[in-house]
Amino acid sequence: MSQEIVTRRVTAPEIRNRKGGEPIVALTSYHANTARIVDRHADILLVGDSLGMVLYAMESTLDVSLDLMIAHGRAVVRGSAHALVVVDMPFGSYEESPAIAFRNAARVMQETGCGAVKLEGGVRMADTIRFLIERGIPVMAHIGLTPQSVNTLGGFKTQGRDTALWPLIKADAKAVSDAGAFSVVLEGIVEPLAAEISHEIAIPTIGIGGSRECDGQILVLEDMLGYNPKPPKFVKVYGAIGNAIDQAVKAYAADVRTRAFPGVENVYLLK
């Protein structure tokens, strides 16, 4: 009698317990095809609202809707089996009140099957984070460079260059930790500050433009694969997929124009 191998998903509490342990591997994923590949290697798949900029050529993440996040979240859950799937709460879906945040987060979890949600903000969102967690919704926090606040930040600017502001950023980190978030993304924060936060708070820190001292790292998959011709400074490019696609399409176009494709092996003949 054959035995089936049952794959169990990573859970939010398991990520929480990785504090100070083996570094956490996280990547974005927006659809089932990449989820199937990344799932073999990552602990967390983040369905980020960055999909608005990466997939839909939006200027920022602010135009991303809850329905769009749910559609992509559902696809990533279906395409994966191991990693914890975290879905971003888009701008406008959680800021108004904890009750509205719960209603929308519950919908995300029910309709996608994801294991947690992520929302931006530190001290100002601590009560909402606590409210969600008390009602059974695991929350990943996100502080520092928060893209949904791009208009109030004045652009995508590195945070913490002015050391006088360090106490405010540290307060954000402590607030989300105390509120019960199972981890926190530190984005675009100067290295020494990100390192200090990682050593001072009780939950795992996930760096993106942070520090190697963070408990884990996350990148946008398309950035690290070489789709983006001008990736941010914090990105290490591990592939040249963009160039490979260009060369493949160029070869296909040439074959079509010279009638080299389709060949006899690509058509159906009478038997």
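Residues numbered from 1 in each chain as written. Predicted model: local features only at pLDDT ≥ 70, side-chain atom pairs only at ≥ 80, totals over all residues. Heavy atoms only, no water.

**Examining the overall build of the protein**
Each helix and strand counted, the protein has 11 helices and eight strands in total. Taking 18 Å as the expected radius of gyration for a compact globule of 271 residues, we find that the protein reaches 21 Å, a close match to that expectation. Along the longest, intermediate and shortest principal axes, the C-alpha atoms of the protein span 75 × 50 × 35 Å. The proportion of buried residues among the 271 residues of the protein is 48%. (Helix = DSSP H or I, 4+ residues; strand = E, 2+ residues; numbered from the N terminus. Rg over C-alpha atoms; globule rule 2.2 N^0.38 Å. Buried < 20%, exposed > 50% of the residue type's maximum accessible area, 1.4 Å probe, protein only.)

**Considerations on the packing of helix H8 (residues 166–179) against helix H9 (residues 191–200)**
Packing of H8 against H9 brings their axes to within 10 Å, and their N-to-C directions diverge by 35°. Read as a crossing pair, H8 and H9 show a hand that is right-handed. Where H8 approaches H9, its residues Trp-166, Ile-169, Lys-170 and Ala-173 are matched on the opposing element by Pro-192, Leu-193, Glu-196, Ile-197 and Glu-200. (Axes fitted to C-alpha atoms, helices over the stretch in contact; angles between N-to-C directions. Left-handed = near helix turned anticlockwise from the far one by under 90°. Contact = heavy atoms within 4.5 Å.)

**Side note on the environment of Ile-206**
Tracing the backbone shows Ile-206 in strand E7 (residues 205–208). Judged by its relative accessible area of 1%, Ile-206 falls in the buried class. Residues Ile-206 and Gln-148, spaced 58 residues apart in sequence, show a C-alpha to C-alpha distance of 18 Å. Sequence-distant contacts of Ile-206, defined by excluding residues within four places in its chain, comprise Ile-24, Ala-26, Ser-183, Val-184, Val-185, Leu-186, Gly-216, Gln-217 and Ile-218.

**A closer look at the sheet that holds strand E8 (residues 216–219)**
The eight strands are arranged E1-E2-E3-E4-E5-E6-E7-E8 in a closed barrel whose pairing can be described as parallel. Ignoring which end each strand starts from, the neighbouring axes of this sheet average 25° apart. Two elements, strand E2 (residues 44–47) and strand E3 (residues 84–88), share four bridges in a ladder whose sense is parallel. Looking across to E3, one finds that Leu-46 is bridged to Val-86. (Pairing = 2+ DSSP bridges.)

**Focus on a nonpolar patch on the surface**
On the surface, Met-53, Val-54, Leu-55, Tyr-56 and Phe-156 cluster together to form a nonpolar patch covering roughly 420 Å² of accessible area. Looking at the secondary structure, you find Phe-156 in the loop between helix H7 (150–153) and H8. Judged by its relative accessible area of 46%, Phe-156 is partly exposed. (Patch = residues over 30% accessible without salt bridge, like charges linked within 9 Å, V, L, I, M, F, W, Y side chains within 5 Å. Areas by Shrake-Rupley, 256 points an atom, 1.4 Å probe, with all protein chains shown as cover. Salt bridge = Lys/Arg side-chain N within 4 Å of Asp/Glu carboxyl O.)

**Examining H9**
Turning to H9, its buried residues number three or more, namely Leu-193, Ala-194, Ala-195, Ile-197 and Ser-198. Of the surrounding elements, those touching the buried residues of H9 are H8, strand E6 (183–187) and E7.

**Here's the deal with the environment of Ile-15**
Mapped onto the fold, Ile-15 is located in helix H1 (residues 12–16). Judged by relative accessible area, Ile-15 falls into the buried class, the value being 0%. Sequence separation between Ile-15 and Ser-183 is 168 residues, and the spatial gap between their C-alpha atoms is 7.4 Å. Residues contacting Ile-15, with those up to four places away along its chain left out, are Val-10, Ile-24, Asp-43, Ile-44, Leu-84, Phe-182, Ser-183 and Pro-204.

**Overview of the packing of aromatic side chains**
One pass over the structure, following the stated rule, counts one aromatic pair. A ring pair is formed by Tyr-252 and Phe-261, whose centres lie 5.9 Å apart and whose planes are at 65°; its orientation type is edge-to-face. The partly exposed category is assigned to Phe-261, whose relative accessible area is 36%. When the ring centre of Phe-131 is taken as origin, the NZ or CZ atom of Arg-135, which lies over that ring, is 3.5 Å away. (Phe/Tyr/Trp six-rings, centres within 6.5 Å; stacked < 30°, edge-to-face > 60°. Lys NZ or Arg CZ within 6 Å of the ring centre and 35° of its normal.)

**Observations regarding the pairing of E7**
Regular strands place their side chains on alternate faces of the sheet. Every second residue of E7 is oriented toward a common face, with Thr-205 and Gly-207 on one face and Ile-206 and Ile-208 on the other, all of them buried. Handedness of the crossover joining E6 and E7 through H9 is recorded here as right-handed. Sheet topology note: the E7/E8 ladder contains two bridges and is parallel. Residue pairing in the sheet places Ile-206 in a bridge with Gly-216 of E8. (Right-handed = clockwise from strand over helix to strand, strands pointing away.)

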